[in-house]
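Residue strings, one per chain:
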Amino acid sequence: MATTRTATTRWEGSLFEGSGRVTLDSSALGTYDVSWPARAEEPGGKTSPEELIAAAHSSCFSMALSKQLADAGAPPTSLGTSADVTFQPGEGITGIKITVRGVVPGMSADDFVAAAEAAKEGCPVSQALKGTTITLDAALA
């Protein structure tokens, strides 16, 4: 069954002086302030499209890797995943680095890296971001 998730942004003003608020409509988990300075300079308590992409990518990758590991007969005890999304004003998103550390009893380091590579390729968010260079740093904790 297909699902659709919705977020809404209300923006006021110009790009550089204006600001907005993005609301996670589907989950009703909250509303977050966004601005150009939060995107291109320091966050200052606000979020950015790149931070939201990082959140989506790290959670999607974790789910995909968890499935890969369980399918290999080695469900993880824990996975710690971060996604660093680099934004260059004038160019856009120039890369994403996924870092994962896993506790997976009975799995070799090589098998873990292979499962992480497969998860990176199969993760739906990775698929949506195919035009971006995505690198992976995977290791057992």
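Refer to the structure printed above.
Quantities reported herein were computed from a predicted structural model and do not represent experimental measurements. (Residues numbered from 1 in each chain as written. Predicted model: local features only at pLDDT ≥ 70, side-chain atom pairs only at ≥ 80, totals over all residues. Heavy atoms only, no water.)

## Section: the packing of aromatic side chains
In total, this model carries two aromatic pairs according to the counting rule given. With a centroid separation of 5.4 Å and an interplanar angle of 90°, the aromatic rings of Phe-16 and Trp-36 are classed as edge-to-face. You can see Phe-16 sitting in the loop between strand E1 (7-12) and strand E2 (19-24) and its partner Trp-36 sitting in helix H1 (residues 36-40), a full 20 residues away along the chain. What makes Phe-16 exposed here is its relative accessible area of 52%. Residue class for Trp-36 comes out buried when judged on its relative accessible area of 14%. Each member of the aromatic cluster is reached from another via a ring pair, and the members are Phe-16, Trp-36 and Phe-87. The ring of Phe-87 has Arg-39 lying over it, and the distance from NZ or CZ to the ring centre is 4.4 Å. (Phe/Tyr/Trp six-rings, centres within 6.5 Å; stacked < 30°, edge-to-face > 60°. Helix = DSSP H or I, 4+ residues; strand = E, 2+ residues; numbered from the N terminus. Buried < 20%, exposed > 50% of the residue type's maximum accessible area, 1.4 Å probe, protein only. Lys NZ or Arg CZ within 6 Å of the ring centre and 35° of its normal.)

## A short note on the sheet that holds strand E5 (residues 92-103)
Spatial strand order, E4-E5-E6: three strands in an open sheet with mixed pairing. Edge strands, defined here as strands with exactly one partner in the open sheet, are strand E4 (78-88) and strand E6 (134-140). Pairwise comparison of adjacent strand axes, ignoring direction, gives a mean angle of 10° for this sheet. With eleven bridges joining them, E4 and E5 adopt antiparallel strand pairing. Across the sheet, the residue bridging to Ala-83 is Ile-98, located in E5. Its contacts with the sheet put helix H3 (residues 109-122) on E4, E5 and E6, and the angle it makes with E6 is roughly 150°. (Pairing = 2+ DSSP bridges. Axes fitted to C-alpha atoms, helices over the stretch in contact; angles between N-to-C directions. Contact = heavy atoms within 4.5 Å.)

## Remarks on the packing of helix H2 (residues 49-71) against H3
Interaxial distance between H2 and H3 falls to 8 Å at its minimum, and their mutual angle equals 130°. Here H3 runs oblique to H2, going by the angle between their axes. The two elements H2 and H3 meet at a crossing, and its hand is right-handed. Each of Phe-61, Ala-64, Leu-65, Gln-68 and Leu-69 in H2 lies in contact with H3, whose residues at this interface are Phe-112, Ala-115, Ala-116, Ala-118, Ala-119 and Lys-120. (Parallel < 35°, antiparallel > 145°, perpendicular 65-115°, else oblique. Left-handed = near helix turned anticlockwise from the far one by under 90°.)

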